[in-house]
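One letter stands for each residue in the lines below.
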Amino acid sequence: MDAQRAGIALPDWRAQAAELQPINEMFDAQGRARPECARVIAYLLAMEPTRLAELGERAQRMFQTMGVTFNVYGDHDGEERIFPFDPIPRIIPAEVWAGLESGLIQRARALNAFVADVYREGQIIKDGVIPRDLVIGSQQFRPPAAGIRSPGGVYITVAGIDLVRGGDGRFHVLEDNVRTPSGVSYVIENRRIMTRLLPELIRALRVRSVESYPAYLLACLRELAPGGISNPTVALLTPGLFNSAFFEHVFLSQQMGVELVEGRDLVCVDHKLFMKTVHGLQRIDVLYRRIDDDFLDPVVFRSDSLLGVAGLTAVLRAGNATLANAIGTGIADDKGVFAYTPAMIRYYLGEEPLIPIVDTYLLRDPEVRASVLRDLDRYVVKPTGASGGYGVVIGPSASDEELAQARQHIEAAPAEFIAQPVFPLSVHPTLAGRVADGQAALVARHVDLRPFVLLGGRPRVLAGGLTRVALREGSLIVNSSQGGGSKDTWVLEE
Amino acid sequence: MLRRIAGSLFWAARYLERAQWRGRLVDVNYRLLLEVPPREAEPWEPLVRITAEQELYATLHSQVSEASVIDFFVFEKENRSSIKNCIEALRTNLSPLRHLISSELWLAVNRLYLESSRWSAQTLAANGVSAFFADLQRHFYTIEGIIVNTMPRDLAYDLIELGTMLERPDNVARLLDVKYHYLLPRLEDIGGPADLRQWAAVLRSASAFEAFRKLYGHAITVNRVVEILVFDPTFPRSMRFCIERLAQVLASIAAREEEPAAETLPYADLLGVLRAGSAEQTIAGGLHEFLIGIEAMYARLAEQVFDHYMALE
């Protein structure tokens, strides 16, 4: 009864036909420029066509010279790649952003309250709002998190909330990322590139700055230091050079002016956390970690992990350091729990959700499962525990074989999958390189948006976020590990 | 500063220094052979000995030829000290610590790395060997200039100096030793044109030729070459200069700690030997033996410095 309890009715496919058409972010159905995009479009159209075509190549060269790269798992050939960048900006008008910002803060606060609750009283479960087994049975539930208190009650310091814009033009939440969300460094680097590529346009439109994100993050981390520490030492924990987001770890530590540490740099002594420096051990008060729970502490989690530091959990339990994000926050971005997030917002905040979520069906419910399996080619199926687009099956574009395999997986372990009706992700004009005569061609590609919300002494939101674009024609998967690229996102001043 | 980061800076400096020596060695040898028809059967052989990489070389090449030696020194993937690998190691070491170095330095290193990743034997053929090395040397001088001019004189800078001042004397020692040991001319040739040409090449390999002229005049003798490369306190590529700098750098690092430990590091004996020695005495006592001894002392010092400031366990 999960879907029903979460207040979700299965879709009537015939009735929805019109809404399934994706909108274009820059042009309306009649092909007219949307008002907020008019100046950008006029500017681009006035450009020498070959200069427009060159924009992408110039951006590419700048990224390469700056060494802005990411690593791809399982790709031994080219260890470092440039995250493909599309120079056509995505525009968000001030009033739209104002609404999103409130909705994002609301959502982050509710998810945070959920984490605080499930690892202590579990009141939301007792009150029957979320089924106990869905929480306890999640791959992301971490019993060792019980009993660790975070200063100010903040467990989710950084949230990356993936938004998609539907056929009705409204933004919906597609999924939450509240473990170690990445991508923010590209937002800042993209902007640095764009201010060099199209400086006059950025100035003319009065685009809101994204530069202050590292300062915001550092402020939040410092506000979360254990009580009584006036000048806390913050460090960023990375799994190292071979992680796909290593560039970002370097970038953020550099921008914040904090040490970038690996597990081997750390040691726990007397329930306190230290880093090994040239002149001896130095205490760490707040650790912004960019490695998964499983690798944090071989004493409590995976004993074969060399990435973390033995004894960290005990340090946290003793209240001698703060970990951001806290252990176990993944329970709040579990894709099964996702179906209950609107209920969560009502439960903890007594407010109506400001941003709707994409309809989500839990396949553990036999009736829901039967219904979804009947129309499997109309759904996107996602494993509840995975992230980064891994293991996702997109019904309409999957082969019969892939569908049969998905069906098999679902029937074998129904609780490990959710289904969402294929969502008509909006499209955005995107530069498709040069066509035969050396001129630029613009094509429509699907986009999403990952804004970043920070919780500390007070919430802070980066203006805009990372617009990801699926560069392959028709593709709905925007993840960088799956052939996606990015665009600069321009939130306009009032 | 993290010990791991300190190690990265230290090794970045060593690789930068090493790559430069490799470049100069090959370049000088190449030019030497352009001017004068070689008398020896294989004039490239000593280069392989200088770097003590004969064994690896032998597994990769059945014979010593100009093309294969240049390939081995510049491009060879298997050779950890090939210039290409040194540049990659330089970049890999600096990459995670961009916050400690200037963005100019990172850009210059990254640019060199990107260029080197496109190198192939054709690059040399297309541009010409001399132009290739001249260009490379410019890259290195740019990087060094940026280090000197953009980095504050803090611990990071000291660690870079430390790496440079430990790597450099090692290269000087090998260079001298090979000339003295393997290129030993017949008695009647000592002081002859071939001998002088070789000593001049040694000086050029250490970028010491003009400095030598200035300090010691025109007559190149073994004694004077040893004097400038080993005992001269003013020439930046002499062993004496390096150990004096090293002592200053270690003192500067120690000054930042509460319990200075640099006193326990064994640089005092090296300092003593290089301050007190002279070329004449050294050659009389056997230059080869002297250099072997110096290299051993340096190896011990480098190990202790690393353990003391950089090792994680």
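Residues numbered from 1 in each chain as written. Chains lettered and ligands numbered in written order. Predicted model: local features only at pLDDT ≥ 70, side-chain atom pairs only at ≥ 80, totals over all residues.

Enquirer: Sorry, what's going on with the overall build of chain B here?
Expert: Each helix and strand counted, chain B has 16 helices and zero strands in total. Referenced to the eigenvectors of the C-alpha coordinate spread, the extents of chain B come out at roughly 60 × 50 × 35 Å. Residues classed as buried in chain B amount to 42% of the 313 residues present. Taking as baseline every contact in chain B between residues at least 6 positions apart, the subset at least 24 positions apart corresponds to 68%. (Helix = DSSP H or I, 4+ residues; strand = E, 2+ residues; numbered from the N terminus. Buried ≥ 20, exposed ≤ 12 C-beta atoms within 10 Å, placed from the backbone. Contact = placed C-beta atoms within 7 Å.)

Enquirer: When you look at the overall build of chain A in this model, what are you seeing that I'm missing?
Expert: Check the secondary structure of chain A and you find 14 helices and 22 strands. Evaluated residue by residue, chain A yields a buried proportion of 48% over its 494 residues. Long-range contacts, defined as pairs at least 24 residues apart, comprise 71% of the intrachain contacts of chain A with a sequence gap of at least 6.

Enquirer: Help me understand the packing of helix α6 (residues 103-117) of chain B against helix α8 (residues 129-150) of chain B in this model?
Expert: A packed helix pair is summarised by two numbers, namely the angle formed by the two axes and the spacing between the axes. All names here are of chain B. At a closest axis distance of 9 Å, the pairing of α6 and α8 adopts a crossing angle of 165°. With respect to α8, the axis of α6 lies roughly antiparallel. At the point where α6 passes α8, the crossing takes the left-handed sense. In contact with Glu104, Leu105, Ala108, Val109 and Leu112 of α6, α8 contributes His139, Thr142, Ile143, Ile146, Ile147 and Thr150. Among the residues making up the contact of α6 with α8, the classes are represented as seven nonpolar, three polar and one charged. (Axes fitted to C-alpha atoms, helices over the stretch in contact; angles between N-to-C directions. Parallel < 35°, antiparallel > 145°, perpendicular 65-115°, else oblique. Left-handed = near helix turned anticlockwise from the far one by under 90°. Nonpolar A, V, L, I, M, F, W, Y, C, P; charged D, E, K, R; others polar.)

Enquirer: Mind showing me how you'd approach the sheet that holds strand β14 (residues 379-383) of chain A here?
Expert: The strands making up a sheet associate through backbone hydrogen bonding, with each pair oriented either parallel or antiparallel. Residues and elements named next belong to chain A. The sheet built from four strands is open, its strands ordered β13-β16-β14-β15 with antiparallel pairing. In this open sheet, the two edge strands, each paired with only one partner strand, are β13 (361-362) and β15 (393-394). Two elements, β14 and β15, share two bridges in a ladder whose sense is antiparallel. Bridged to Val381 within β15 is Val393. (Pairing = 2+ DSSP bridges.)

Enquirer: It is not clear to me how the sheet that holds strand β6 (residues 234-237) of chain A should be interpreted in this structure. Could you clarify?
Expert: All names here are of chain A. Here we have four strands laid out as an open sheet, ordered β7-β6-β11-β12, and parallel in their pairing. The two strands at the open ends of the sheet, each matched to only one other strand, are β7 (259-261) and β12 (322-324). Strand-to-strand twist of the sheet, defined as the mean angle between neighbouring strand axes without regard to direction, takes the value 30°. With four bridges connecting them, β6 and strand β11 (residues 286-289) associate as parallel partners. Paired with Ala235 across the strands is Leu287, a residue of β11. Strands β6 and β7 of the sheet are contacted by helix α10 (residues 246-256), whose axis makes an angle of about 150° with β7.

Enquirer: Would you mind showing me how to read helix α10 (residues 193-205) of chain B here?
Expert: Every α-helix carries 3.6 residues per turn, so stepping three or four residues along brings you back to the same face. Residue and element names in this part refer to chain B. In this model α10 runs 18 Å from its N-terminal to its C-terminal C-alpha over 13 residues, within 8% of the 18 Å that 1.5 Å per residue would give. Those residues of α10 not exposed but buried are Trp199, Ala201, Val202, Leu203 and Ser205. A positive backbone phi angle near 50° is found at Ser207, which sits one or two residues after α10. (Expected span 1.5 Å × (residues − 1).)

Enquirer: Is there a simple way to explain the interface of chain A and chain B in this structure?
Expert: Accessible area lost on assembly of the parts is the figure often given for the size of an interface. Contacts between the two partners involve 18 residues from chain A, matched on the other side by 18 residues from chain B. In the side of chain A that touches chain B, the residues fall into six nonpolar, seven polar and five charged.

Enquirer: Teacher, can you tell me more about the domain arrangement of chain B here?
Expert: Residues and elements named next belong to chain B. Entries for chain B in the domain assignment read domain 1 (1-150) and domain 2 (153-313). Listed by partner, the interface residues are 27 residues for domain 1 and 26 residues for domain 2. Going through the elements one at a time, α1 (3-35) and α2 (45-50) are the ones with two or more residues in the side of domain 1 that touches domain 2. For the side of domain 1 that touches domain 2, the element with the most residues is α1, which contributes 17 residues. Residues of the side of domain 1 that touches domain 2, tallied by class, amount to 17 nonpolar, two polar and eight charged. (Domains from an automatic or database assignment.)

Enquirer: Looking at this structure, I do not really get the environment of Asp294(A). What am I missing?
Expert: Relative to the helices and strands, Asp294(A) resides in the loop between β11 and α11 (312-317). Judged by the 15 C-beta atoms lying within 10 Å of it, Asp294(A) falls in the partly exposed class.

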